[in-house]
Amino acid sequence: MKKHFYFLLMAALVCGLSLSFTSCKDDDKDNNGGQSEEQQEQQALEQQDLDNARIAVLDHLADIDEASDSVQSYMSQTFEPGIGLPDGDNESVRIVNTNTMELAAERFANIVGASIDEDTPSYTWADEKMGTMTYTKITDGTAWATVDVNIRQVPKLQKIIYRAPEMGDENGAFKGRAYYRFGDVVQRHNYVDLSSSQHEYWVCVRPAFGPEGKEDSHWACFERLTTNNYFIHTFKDQNWWIPKGLGEDMEHMQNLAEMIYAILNPEEWEKNILNNSNNKKMKMFHDFDKNKEAYHNKYFWQNVCKGWDQKAYIDWNTDADPDKNWEREKFDIWKILFNTTKEEMRKQINDPNIGLNLLYKGYSWVSKKNLEVHLWQANYKNGTGINSNMHTVTKTEPKAKLKGINFDCRMMGGNLDEYIGFFNNDGKMRWCVRFATGKELLDKGVKYSVKSSLFKKKVLESTSSTIYRYYQHVDPEGGKDLNKELEPDMPL
């Protein structure tokens, strides 16, 4: 009887513990919406991918440079339209001057990540947190396509019109020369909060150009990231700096790659353009007219290269004593922009196995528990025929576990030891890249004009300013009168 009693007692106890354990497990599932840890991690990964895509769409449509760094804040804020130029005085309708129907479709496809082309009659993109955009092909000769916009975060933007200048009222066309040209470099102070700023360098990858009807300029920043575009992940005693909110602009990543190739290989770049001048599929800076190549010919790129080679520019992040400016080390533009040398850039760009590697969008966790991160990368290499001038592009999504490696995205390029472990120590330099229009880079209170600086007259070291400008450092005579007609470039 005694043995039987103890058996029943133990059975009851085990049963009670089992019920209690099951109850705790059930409570845990209820607290997590019935999802396992793996399911939660997968959901977080999908959410991060969606957040990156949403930020990329906003970055195309609006000036989000001063947005708060959380995605929730992005979704709750409103921004001014930044795409294209206003249709006259109507800021809600934006004109994007585009030379062909094919490129109009491509530009919209790049915004929303859709598979559409010049034959697509219409397409509607929708997002529950943002709204809708409806693309419509136009066949009456007034435009290539229009986009009806209903985005909560950009309420003042109602319509985008893709058209060539001759289809409208020459919107964007101007006479003479623009203040900035390909390869010009500015130093901008990014105010990360109300009390402090961090400086960054931007290079012009697609200037305003009157003969193409393009009055907006486009700029790339890849030399360093400020705090709005990285976050620090800490585990035990190690830190990793991971990119975020970079956006996705395939058009101007391609322009950046082509520009670097042209500066390093001016004769080859020009030969490739001239040999394919009658091939519509051969692109020159996305949709520049190859018949106007003389305004950006090999002599122009040679002159830019000479300007970039001059060790005449100060990097204000050096450790030299700021109170002894005359003793501060001076650098060439290669060092300032790429954090490496011209020789190393030439090796990478001209190597058929390396090319130019750019990180965009940001990151997502493959597994936060395992410290495994997923990035987005675009690789540009020089091909042949229509793929020459760096028009061979491959998009990849590298993944790696952070444990045991360094990863610091704040200043990449030549700082290989800080990030190369993530990429299996392949020896290839990389840069995190962002893009902005000239209007988005303006100092507060400065009105945008193709004929003038983006910044107020420099008063203090902490103000934004021009570092290198073609019409100042290479051809000051050509910049004395910007109303003069453009001329084909010559050696200087």
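Look up a bit, the structure's there.
Just so it is clear, the model here is predicted, and its values are computed rather than measured.

Criteria and cut-off values
- Residues numbered from 1 in each chain as written.
- Predicted model: local features only at pLDDT ≥ 70, side-chain atom pairs only at ≥ 80, totals over all residues.
- Heavy atoms only, no water.
- Pairing = 2+ DSSP bridges.
- Helix = DSSP H or I, 4+ residues; strand = E, 2+ residues; numbered from the N terminus.
- Axes fitted to C-alpha atoms, helices over the stretch in contact; angles between N-to-C directions.
- Contact = heavy atoms within 4.5 Å.
- Phe/Tyr/Trp six-rings, centres within 6.5 Å; stacked < 30°, edge-to-face > 60°.
- Buried < 20%, exposed > 50% of the residue type's maximum accessible area, 1.4 Å probe, protein only.
- Lys NZ or Arg CZ within 6 Å of the ring centre and 35° of its normal.
- Parallel < 35°, antiparallel > 145°, perpendicular 65-115°, else oblique.
- Patch = residues over 30% accessible without salt bridge, like charges linked within 9 Å, V, L, I, M, F, W, Y side chains within 5 Å.
- Areas by Shrake-Rupley, 256 points an atom, 1.4 Å probe, with all protein chains shown as cover.
- Salt bridge = Lys/Arg side-chain N within 4 Å of Asp/Glu carboxyl O.
- Lys, Arg positive; Asp, Glu negative; His and termini not counted.
- Charge placed at Lys NZ, Arg CZ, Asp CG, Glu CD.

**Brief notes about the pairing of strand S3 (residues 122-127)**
Two strands pair when backbone bridges link them, and S3 and strand S4 (residues 131-137) are joined in this way by 6 bridges, in the antiparallel orientation. If you follow Tyr123 over to S4, its bridge partner there is Tyr135. Between the end of S3 and the start of S4, which pair antiparallel, lie 3 residues.

**Observations regarding the sheet that holds S3**
An order of S1-S2-S6-S5-S4-S3 is seen for the 6 strands of this open sheet, with the pairing classed as mixed. Of all strands in the sheet, those bounded by a partner on one side alone are strand S1 (85-87) and S3. This sheet shows a mean twist of 25 degrees between the axes of neighbouring strands, independent of strand direction. Its contacts with the sheet place helix H2 (residues 37-61) against S3, S4, strand S5 (145-151) and strand S6 (159-163), and it is angled at close to 120 degrees to S3. Sitting on the sheet, helix H4 (residues 101-112) is in contact with strand S2 (90-97), S3, S4, S5 and S6, with an inclination near 165 degrees to S4.

**Things to note about the packing of aromatic side chains**
Aromatic ring pairs are reported here in terms of the distance separating the ring centres and the angle at which the planes meet. Under the criterion given, the structure shown has 25 aromatic pairs. Judged by centre distance (4.8 Å) and plane angle (35 degrees), the ring pair of Phe231 and Tyr363 falls under tilted. Residue Phe231 is found in strand S10 (residues 230-235), and its partner Tyr363 is found in strand S14 (residues 356-367); the two are separated by 132 residues along the sequence. An identical accessibility class is assigned to Phe231 and Tyr363; each is buried. Through a chain of ring-to-ring contacts, three or more aromatic side chains come together here, namely Phe182, Phe209, Trp269, Phe285, Phe288, Tyr295, Phe300, Trp301, Tyr470 and Tyr471. Here the guanidinium or amino end of Arg469 rests over the ring plane of Tyr179, the centre of that ring lying 3.7 Å away.

**Thoughts on the packing of H2 against H4**
It is at 8 Å that the axes of H2 and H4 come closest, and there the two elements cross at 135 degrees. Classified by the angle their axes make, H2 and H4 are oblique. Counted together, Val57, His60 and Leu61 of H2 and Asn110, Ile111 and Val112 of H4 form the full contact between these two elements.

**Observations regarding unusual backbone geometry**
Although it is not a glycine, Asn339 sits at a positive phi angle of roughly 60 degrees. Tracing the backbone shows Asn339 in the loop between helix H8 (333-338) and helix H9 (342-350). The backbone phi angle of Met390 is positive, close to 70 degrees, even though this residue is not glycine.

**A short note on a negative patch on the surface**
A contiguous patch of negative charge, built from Glu102, Asp117, Glu118 and Asp119, is present on the exposed surface. Within the secondary structure layout, Glu102 lies in helix H4. On the basis of relative accessible area, Glu102 is assigned to the partly exposed category, the value being 34%.

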